[in-house]
Amino acid sequence: MKAGSRALLVAMALSALAAMALAKDHIVGGSDGWDTFIDYDKWVAGEIFMVGDTITFKYMAYHNVLEVNMDDYAACAVDKPLSTHSNGSTTFELADVGTRYFICGIPRHCRNGTMHVAVTTVPFDASAAAGPSPAPLPSAPADGSVAASPAADAAAPKPPTGAPSSAVRFQKPVAAVAGLALAALAALLVA
Ligand SMILES: [Cu+2]
């Protein structure tokens, strides 16, 4: 393999690894979930939604989730949603920059019960995604040559420890896939 193409593969592996490790699933409303009388403006203010992240609505059977346009969001109008979901756990991928609007399909829940949320997605930013304190990968392979490489450090800076919110970025499946990617990367480096 030529050095140039090997370097390209390494770069691709690193960027894929960073995106996998840093993409976040935002549970709408946090532990309160999707329900009446939750302050979603306050919840949104504490989150950064980046391209590649997901949001998940968790709710009881008497609620649902409608994605609507801006006007219908403002009016709590439920007659022409972009999509309707009612299975109790609904995930949306934030694939593009921009604002998306979600309401409960029961109009009084939207009007009087605060069940409306607008999510604005910004471009992916690795340093912001890493957050104030990313936890180390729980099941990372030996912290040998790969973890010590400058490129890996740049992709995943290590801020001070202790913040609770970062743990969600390193769920087990993600860590497992990241481990495979690291192993592949190590193989490339020694080839
Ligand atoms: Cu509702």
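Calculation rules
- Residues numbered from 1 in each chain as written.
- Predicted model: local features only at pLDDT ≥ 70, side-chain atom pairs only at ≥ 80, totals over all residues.
- Heavy atoms only, no water.
- Helix = DSSP H or I, 4+ residues; strand = E, 2+ residues; numbered from the N terminus.
- Buried < 20%, exposed > 50% of the residue type's maximum accessible area, 1.4 Å probe, protein only.
- Contact = heavy atoms within 4.5 Å.
- Areas by Shrake-Rupley, 256 points an atom, 1.4 Å probe, with all protein chains shown as cover.
- Core = buried A, V, L, I, M, F, W, Y, C linked by side-chain atoms within 4.5 Å.
- Pairing = 2+ DSSP bridges.
- Axes fitted to C-alpha atoms, helices over the stretch in contact; angles between N-to-C directions.
- Donors = N, O, S within 2.8 Å, 3.2 Å for Na, K, Ca; no water.

- With an unreviewed UniProt entry as reference, the chain is termed Phytocyanin domain-containing protein, source organism Eleusine coracana subsp. coracana.

### A closer look at the overall build of the chain
No. 1: When its secondary structure is counted, the chain shows 8 helices and 8 strands.
No. 2: Across the 191 residues of the chain, 35% fall into the buried class.
No. 3: Partitioning the contacts of the chain with sequence separation of at least 6, the portion at a separation of at least 24 is 75%.
No. 4: Total accessible area on the chain stands at roughly 10400 Å², and carbon and sulfur atoms take up 64% of it.

### Some points on the nonpolar core
No. 1: In this structure, Val28, Trp34, Ile55, Phe57, Phe102 and Val117 are the most contacted members of the largest nonpolar core, which totals 17 residues.
No. 2: Looking at this core, the elements that each hand over two or more residues are helix H2 (40-45), strand S3 (54-58) and strand S8 (116-122).
No. 3: Those residues in contact with Phe102 that sit more than four places away from it in its chain are Trp34, Ile55, Phe57, Val65, Leu66, Glu67, Tyr73, Phe92, Met115, His116, Val117 and Val119.
No. 4: In this structure, Leu66, Val68, Cys76 and Cys110 belong to the second largest nonpolar core, which totals 7 residues.

### Structural notes on the sheet that holds strand S1 (residues 25-27)
No. 1: Across the sheet, which stays open at both edges, the 3 strands sit in the order S1-S3-S6 with mixed pairing between neighbours. The open sheet has two free edges, formed respectively by S1 and strand S6 (89-93), since each of these has just one partner strand. Put simply, the sheet's adjacent strands are angled 25 degrees from each other on average, direction ignored.

### Side note on the coordination of the copper ion
No. 1: Note on the copper ion: its protein donors are His63 (ND1), Cys104 (SG) and His109 (ND1). The metal-donor distances range over 2.0 to 2.1 Å.
No. 2: Positions of the donor residues of the copper ion, expressed as sequence spacing, correspond to H-x40-C-x4-H. Here His109 lies in helix H4 (residues 107-111) and His63 lies in the loop between S3 and strand S4 (65-68), a separation of 46 residues in the sequence.
No. 3: Classification of His109 by relative accessible area gives buried; the value is 9%.

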